[in-house]
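Each chain is listed here by its residues.
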Amino acid sequence: QVQLVESGGGLVQAGGSLRLSCAASGLIFSTNAMGWYRQGPGKQRESVGSIFVGGTTTYADSVKGRFTISRDNAKNTVYLQMNSLKPEDTAGYYCAAWKWGTPDYWGQGTQVTVSS
């Protein structure tokens with residue numbers, strides 16, 4: 001049974017930083033692409049960024065230069081370092097894993113709230 005468990009969310013002031021973690025189990029982590037998605041109040045879920053098997057990363061334009069995704073295959077964990085946070089970054093943040101194309105597995109999410 002695949003499980004993705006996010007942690008690290010919370011309340012932070014604008015300009016601050018948070019690091020989210022997603023611990024994966026039940027899959028061969030190193031062979032899966034991993035990604036972070038978010039869903040703000042009244043908004044559709046959107047991709048924040050992804051990290052692929054070889055380490056290549058992609059980011060949404062809205063977070064480029066502020067957010068960094070990394071992975072530790074030895075710990076089966078993917079991270080999302082978020083700097084210079086803005087109120088519009090407030091959302092539930094979800095970890096996802098997939099082999100090809102679209103996510104096969106989702107975490108339960110962790111809430112990030114950025115106060116102005």
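See above for the structure.
Keep in mind it's a predicted model, so treat the numbers as computed, not measured.

Scoring rules and cut-offs
Residues numbered from 1 in each chain as written. Predicted model: local features only at pLDDT ≥ 70, side-chain atom pairs only at ≥ 80, totals over all residues. Heavy atoms only, no water. Helix = DSSP H or I, 4+ residues; strand = E, 2+ residues; numbered from the N terminus. Buried < 20%, exposed > 50% of the residue type's maximum accessible area, 1.4 Å probe, protein only. Lys, Arg positive; Asp, Glu negative; His and termini not counted. Salt bridge = Lys/Arg side-chain N within 4 Å of Asp/Glu carboxyl O. Polar contact = N/O pair within 3.5 Å; in protein donor to acceptor, adjacent residues only side chain to side chain. Contact = heavy atoms within 4.5 Å. Pairing = 2+ DSSP bridges. Axes fitted to C-alpha atoms, helices over the stretch in contact; angles between N-to-C directions.

Structurally, the position occupied by arginine 71 is in strand β7 (residues 67–72). Here arginine 71 occupies a buried position and makes no salt bridge, while the nearest side chain of opposite charge, aspartate 72, is found at 8.5 Å. Here the side chain of arginine 71 touches phenylalanine 52 through a polar contact of 3.4 Å, landing on its backbone oxygen. Only 3.0 Å separates the side chain of arginine 71 from the side chain of asparagine 73, close enough to count as a polar contact. Discounting chain neighbours no more than four positions away, the residues touching arginine 71 are Phe29, Ser30, Asn32, Ala33, Met34, Ile51, Phe52, Val53, Thr77 and Val78.

Looking at the secondary structure, you find arginine 38 in strand β4 (residues 33–39). Take arginine 38: its relative accessible area is 5%, and that puts it in the buried class. At 2.7 Å, the side chain of arginine 38 and the side chain of glutamate 46 are in polar contact. A polar contact of 3.0 Å, which involves the side chain of arginine 38, links it to the side chain of tyrosine 93. Here arginine 38 is in contact with Gln44, Arg45, Glu46, Val48, Ser62, Val63, Phe67, Asp89, Ala91, Gly92 and Tyr93, once residues within four sequence places are set aside.

Turning to the sheet that holds strand β8 (residues 77–82), a few remarks are in order. In spatial order, the strands read β1-β3-β8-β7; together these four strands make up an open sheet with antiparallel pairing. Single-partner strands in this sheet number two, and they are β1 (3–7) and β7. The sheet shows a mean angle of 15° between the axes of neighbouring strands, taken without regard to direction.

Turning next to the environment of tyrosine 59. As for its placement among the helices and strands, tyrosine 59 is situated in strand β6 (residues 57–59). For tyrosine 59, a relative accessible area of 21% puts it in the partly exposed group. C-alpha separation for the pair tyrosine 59 and methionine 82, spaced 23 residues apart in sequence, amounts to 12 Å. Only 2.8 Å separates the side chain of tyrosine 59 from the backbone nitrogen of isoleucine 69, close enough to count as a polar contact.

Before going further, it helps to spend a moment on unusual backbone geometry. Located in the positive-phi region is asparagine 76, a residue other than glycine, with phi close to 55°. For asparagine 76, the location among the structural elements is in the loop between β7 and β8. Residues other than glycine seldom take positive phi values, yet serine 84 does so here, at roughly 50°. Take serine 84: it is sitting in the loop between β8 and β9 (91–98). According to the relative accessible area criterion, serine 84 is partly exposed, its value standing at 41%.

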